[in-house]
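Each chain, written out:
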Amino acid sequence: GDSVTQMEGPVTLSEEAFLTINCTYTATGYPSLFWYVQYPGEGLQLLLKATKADDKGSNKGFEATYRKETTSFHLEKGSVQVSDSAVYFCALTLLMDSNYQLIWGAGTKLIIKP
Amino acid sequence: NAGVTQTPKFQVLKTGQSMTLQCAQDMNHEYMSWYRQDPGMGLRLIHYSVGAGITDQGEVPNGYNVSRSTTEDFPLRLLSAAPSQTSVYFCASSYSAGSYNEQFFGPGTRLTVL
């Protein structure tokens, strides 16, 4: 079935390190892809998105490219900060019963140490 | 704009009790949904609504009821609480159920069922 797989966490990095969080998906058709971020004690918020193959989403120094050939949408950031510590969720939208639904990955906890 | 608001923030119930989790949004969004978040499982869709008077089941609807009498409000009712319903509950809304629409999340309700 349709699914999203993320790398397991927690991922622990030092400040200014390079970040990659892997996300791969299985889906029929042409889904839109998203990264959401959840800061401690808060709800999720959209970080970036891409709606078609080869699109690159970017926000707050984070980037992800929609790779149809590898069914991936890996999240990257060149230099992380302590304030980036959060849980990151990869997701896709799929047409189900005439409505689009979000399919979520399990989330990856990121810990940045000063 | 307050965005998406949820009450209460925390709740403890005994097995068999019922309660209603409140959700409201002030963005005139058509689409609203309820998720539960459990460790290692990401978000799972409980119920959703594509407009006032229209609701449908998500992935894990058993034990929950919803109604949507107005565009703004989308309460979630637990009929007879069970320990398996211990979770963090998030309400979300979006402009419509389109494939690339951003979902806006409330701050969550942490529910414990004893």
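Higher on the page you've got the structure.
Residues numbered from 1 in each chain as written. Chains lettered and ligands numbered in written order. Predicted model: local features only at pLDDT ≥ 70, side-chain atom pairs only at ≥ 80, totals over all residues. Heavy atoms only, no water.

**Student:** For the overall build of chain B, give the residues involved together with the corresponding values.
**Tutor:** Across its full length, chain B holds 0 helices and 11 strands. In sequence order, chain B lays out its α and β elements as β-β-β-β-β-β-β-β-β-β-β. For 114 residues, the compact-globule estimate of 2.2 N^0.38 gives 13 Å, and the C-alpha radius of gyration of chain B, at 13 Å, lies within 12% of that figure. By principal-axis analysis of the C-alpha atoms, chain B measures approximately 35 × 30 × 25 Å. Each of the 114 residues in chain B was classed as buried or not, and the buried ones make up 49%. Counted over contacts in chain B with a minimum sequence separation of 6, partners at least 24 positions apart contribute 54%. (Helix = DSSP H or I, 4+ residues; strand = E, 2+ residues; numbered from the N terminus. Rg over C-alpha atoms; globule rule 2.2 N^0.38 Å. Buried < 20%, exposed > 50% of the residue type's maximum accessible area, 1.4 Å probe, protein only. Contact = heavy atoms within 4.5 Å.)

**Student:** Can you break down the overall build of chain A residue by residue, with the values?
**Tutor:** Within chain A, the secondary structure is distributed over 0 helices and 12 strands. Each helix and strand of chain A, placed in order from N terminus to C terminus, yields the pattern β-β-β-β-β-β-β-β-β-β-β-β. Rg of the C-alpha trace for chain A: 14 Å, near the compact-globule value of 13 Å for 114 residues, within the 12% margin. Its C-alpha atoms give chain A principal-axis dimensions of about 45 × 30 × 20 Å.

**Student:** Describe the layout of surface pockets, with residues and values.
**Tutor:** Of the voids in this model, the largest pocket is the one considered here, and its volume is about 590 Å³. Counted by class, the lining of the largest pocket contains 12 nonpolar, 10 polar and 5 charged residues. Empty space within the second largest pocket amounts to approximately 290 Å³. If you trace the second largest pocket, you find 16 residues lining it, with Met 96 and Gln 101 of chain A together with Leu 45, Gly 58 and Glu 59 of chain B closest to the centre. Counting residues per element, the ones that place at least two in the lining of the second largest pocket are strand E11 (99-104) of chain A together with strand E5 (43-51) and strand E6 (54-57) of chain B. (1 Å grid on protein atoms, 1.4 Å probe; cavity = no way out; pocket = protein on both sides within 12 Å on 5 of 7 lines; lining within 4 Å. Points joined across faces, edges and corners; volume = space filled by probe spheres on them. Nonpolar A, V, L, I, M, F, W, Y, C, P; charged D, E, K, R; others polar.)

**Student:** Which residues make up the pairing of strand E4 (residues 23-26) of chain A, and what values go with them?
**Tutor:** Residues and elements named next belong to chain A. Residue alternation in E4 divides its side chains into a buried set, Cys 23 and Tyr 25, and an unburied set, Thr 24 and Thr 26. Pairing geometry for strand E1 (residues 3-6) and E4, over 4 bridges, is antiparallel. Paired with Gln 6 across the two strands is Cys 23, which belongs to E4. (Pairing = 2+ DSSP bridges.)

**Student:** Lay out the sheet that holds strand E7 (residues 64-66) of chain B with the relevant residues and their values.
**Tutor:** Residue and element names in this part refer to chain B. With antiparallel pairing, the 4 strands of this open sheet are ordered in space as E1-E3-E8-E7. Either end of the sheet is taken by a strand with one partner, and the two such strands are strand E1 (4-7) and E7. Mean inter-strand twist for the sheet, computed between neighbouring axes without regard to direction, equals 20 degrees. (Axes fitted to C-alpha atoms, helices over the stretch in contact; angles between N-to-C directions.)

**Student:** How would you explain the pattern of salt bridges if you had to name every residue and give the values?
**Tutor:** Using the criterion set out here, one finds 5 salt bridges over all chains in the structure. Notably, a salt bridge pairs Asp 55 of chain A with Lys 52 of chain A, separated by 3.4 Å at the nearest N-O pair. Note that Arg 44 of chain B and Asp 38 of chain B form a salt bridge whose closest N and O atoms lie 2.8 Å from each other. Here Arg 44 of chain B and Asp 38 of chain B have matching classes, each one buried. Each of Arg 36, Asp 38 and Arg 44 of chain B takes part in one network of salt bridges that share partners. (Salt bridge = Lys/Arg side-chain N within 4 Å of Asp/Glu carboxyl O.)

**Student:** So, the interface of chain B and chain A: which residues are in play, and what are the values?
**Tutor:** On the side of chain A, 20 residues touch chain B, which itself brings 22 residues to the contact. Counting each side, the surface lost to burial between chain B and chain A is near 1600 Å², with a carbon and sulfur contribution of 53%. The interface formed by chain B and chain A holds 0 salt bridges in total. At the junction of chain B and chain A, the tally comes to 4 residue pairs in polar contact (both at pLDDT 80 or more). Sorting the residues of the side of chain B that touches chain A by element identifies strand E4 (31-37) and E5 of chain B as the ones contributing at least two each. No other element matches E5 of chain B, which puts 4 residues into the side of chain B that touches chain A. For the side of chain B that touches chain A, the per-class residue count stands at 12 nonpolar, 8 polar and 2 charged. (Buried area = accessible area lost by both parts, 1.4 Å probe. Polar contact = N/O pair within 3.5 Å; in protein donor to acceptor, adjacent residues only side chain to side chain.)

**Student:** How would you summarise the nonpolar core if you had to cite specific residues and measurements?
**Tutor:** In this structure, Trp 35, Leu 47, Leu 48, Phe 73, Leu 75 and Tyr 88 of chain A are the most contacted members of the largest nonpolar core, which totals 27 residues. Elements supplying a minimum of two residues to this core: strand E3 (19-21), E4, strand E5 (33-38), strand E6 (44-50), strand E8 (62-65), strand E10 (86-96) and strand E12 (108-113) of chain A. If one sorts the elements of this core by residue count, E10 of chain A sits on top with 5 residues. Contacts of Leu 48 of chain A, omitting those with residues within four sequence positions, involve Leu 33, Phe 34, Trp 35, Gly 57, Ser 58, Asn 59, Phe 62, Glu 63, Ala 64, Phe 73 and Leu 75 of chain A. Counting residues in each nonpolar core, the second largest holds 19 residues, with Leu 21, Trp 34, Leu 78 and Leu 111 of chain B among its members. (Core = buried A, V, L, I, M, F, W, Y, C linked by side-chain atoms within 4.5 Å.)

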